[in-house]
Structures are given as C-alpha cells and as structure tokens.
Amino acid sequence: MRDNSKKRHIAKTITWRIVGTIDTILLSWVISGNPFTGLKIGFAEITTKMLLYYFHERVWFRVRMASSRKRHILKAVTWRIVGTIDTMLLAWVITGNPLTGFKIGLAEVITKTVLYYLHEEVWYKINFGLENYRKKQ
C-alpha cells in the first residue's frame, strides 16, 4: 500500500500557510501602522513557514498519542514556538526594529495558537491522505 501522508502534509501546509499569512499581514499592519510592512512580512515568511511547517508535520506524524485533543494542543505549542521565532526574526530584519518584531511575535502567540488549534481540529476530521494509513492500523 502506498503512503499518502506526504500529500496530506503538503495540503495541510498550504491551508495553514494561507490562514497564517493573512493573520501575519493583518497583525504586522496594525502593529507597524503600515500596510506595506504587513505585506512584506507576510510574504517573506511564506517560504520559511511552509518549509518549517512541513518538517513539523513530518515529525508529529511519527508521534503516537491516544488523545487527539492533547496532541493538538502540544502540536499547537511546538509549532507556535517555531513560528513565533521565525516571525520575530523576519519582522526585525524587515522593519529594522527588534521591538516591532517582538510585538508582532507576541501578538501571534495568541491569535495563531487559537487558529492553529482550530486548523488541527478541522484536519483531524478529514481523511485526505490517511486512507491507506488508517487501513493498516
């Protein structure tokens, strides 16, 4: 049987990046006061976040936990740590201001943790890429 989990992780990466980028653009715009700064930061992190998210998914695919709720919370926390560091560094570089990077990263901890948890809940109910995997178990 063929493992389709990579297709699933790519699809999750894309859907999460859409949600995450919109959130980053809006937060960066509000915090910096400049819509173009929001766009620069949001688009700069598309590549870094997609790569980081894909590898995060691959690691968590191998983690076995009985509780889906606990798993989703732990995934949200570990991803938020990685994602926040990435956003803070990118915002610092783009704005030239470490405090702006810190503010954007701090705001994202709240908004993106909630959004990520909801994203995980939706994907937990979707069978895409797990057809063969669930048959093996």
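Scroll up for the structure.
Residues numbered from 1 in each chain as written. Predicted model: local features only at pLDDT ≥ 70, side-chain atom pairs only at ≥ 80, totals over all residues. Heavy atoms only, no water.

Visitor: When you look at the overall build of the chain in this model, what are you seeing that I'm missing?
Guide: A tally of helices and strands in the chain yields five helices and zero strands. Ordered by position from the N terminus, the helices and strands of the chain form the series α-α-α-α-α. What you see for the chain is a C-alpha radius of gyration of 16 Å, in line with the 14 Å of a compact globule of 137 residues. Taking the principal axes of its C-alpha atoms as reference, the chain extends roughly 50 × 25 × 20 Å. A total of 137 residues make up the chain; the buried ones form 39% of that total. Carbon and sulfur atoms provide 72% of the accessible area of the chain, an area that totals close to 7,800 Å². (Helix = DSSP H or I, 4+ residues; strand = E, 2+ residues; numbered from the N terminus. Rg over C-alpha atoms; globule rule 2.2 N^0.38 Å. Buried < 20%, exposed > 50% of the residue type's maximum accessible area, 1.4 Å probe, protein only. Areas by Shrake-Rupley, 256 points an atom, 1.4 Å probe, with all protein chains shown as cover.)

Visitor: Could you clarify how one ought to interpret the packing of aromatic side chains in this entry?
Guide: The description of an aromatic ring pair uses the distance of the two centres, along with the angle that the planes make with each other. Throughout the structure, instances matching the rule amount to four aromatic pairs. When the ring of W16 is compared with that of Y116, the centres are 5.3 Å apart and the planes differ by 90°; the resulting orientation is edge-to-face. One end of the pair, W16, is in helix α1 (residues 5-32); the other, Y116, is in helix α4 (residues 98-124), with 100 residues separating them in the sequence. As far as burial versus exposure is concerned, W16 and Y116 are alike and both buried. (Phe/Tyr/Trp six-rings, centres within 6.5 Å; stacked < 30°, edge-to-face > 60°.)

Visitor: Even after reading the chapter, I still don't get the pattern of salt bridges, so can you show me in this structure?
Guide: Close approach of charged atoms allows side chains with opposite charge to pair. Evaluation of the coordinates by the stated rule reveals ten salt bridges. The partner of E120 in a salt bridge is K75, and the shortest N-O contact between them spans 3.2 Å. In this pair, E120 is assigned in helix α4 and K75 in helix α3 (residues 68-95), connecting sequence segments 45 residues apart. Like E120, the residue K75 is buried in the burial classification. Salt bridges sharing common partners tie together K12, E57, K75 and E120. (Salt bridge = Lys/Arg side-chain N within 4 Å of Asp/Glu carboxyl O.)

Visitor: Quick question: what am I supposed to make of the packing of α1 against α4 here?
Guide: Direction vectors running N to C along α1 and α4 enclose 145°, while the axes themselves pass 9 Å from each other. In the crossing of α1 with α4, the sense of the turn from one axis to the other is right-handed. When the residues that make up the contact of α1 with α4 are grouped by side-chain class, the tally is eleven nonpolar, seven polar and eight charged. (Axes fitted to C-alpha atoms, helices over the stretch in contact; angles between N-to-C directions. Left-handed = near helix turned anticlockwise from the far one by under 90°. Nonpolar A, V, L, I, M, F, W, Y, C, P; charged D, E, K, R; others polar.)

Visitor: What is the right way to look at the side chain of R8 in this model?
Guide: Secondary-structure assignment places R8 in helix α1. E57 provides the closest opposite charge to the buried, unpaired R8, separated from it by 6.0 Å. Side-chain polar atoms of R8 contact the backbone oxygen of I126, separated by 2.9 Å. With sequence-adjacent residues up to four places away left out, R8 is seen in contact with W123, Y124, I126, N127, F128, G129 and L130. (Lys, Arg positive; Asp, Glu negative; His and termini not counted. Polar contact = N/O pair within 3.5 Å; in protein donor to acceptor, adjacent residues only side chain to side chain. Contact = heavy atoms within 4.5 Å.)

Visitor: Help me understand α4 in this model?
Guide: Residues spaced three or four apart along an α-helix face the same direction, because each turn holds 3.6 residues. Over its 27 residues, α4 extends 37 Å from the first C-alpha to the last, a length consistent with the 39 Å expected when each residue adds 1.5 Å. If you look at α4, its biggest bend is around 35°, right at V109. Listed as buried for α4 are T100, G101, I104, G105, E108, K112, Y116, H119, E120, E121 and W123. The secondary structure elements touched by the buried residues of α4 are α1, α2 (35-61) and α3. Capping of α4 at its N-terminal end is provided by N97; its side-chain oxygen lies 2.8 Å from the backbone amide nitrogen of L99. (Expected span 1.5 Å × (residues − 1). Bend = angle between axes of the 7 residues up to and from the residue.)

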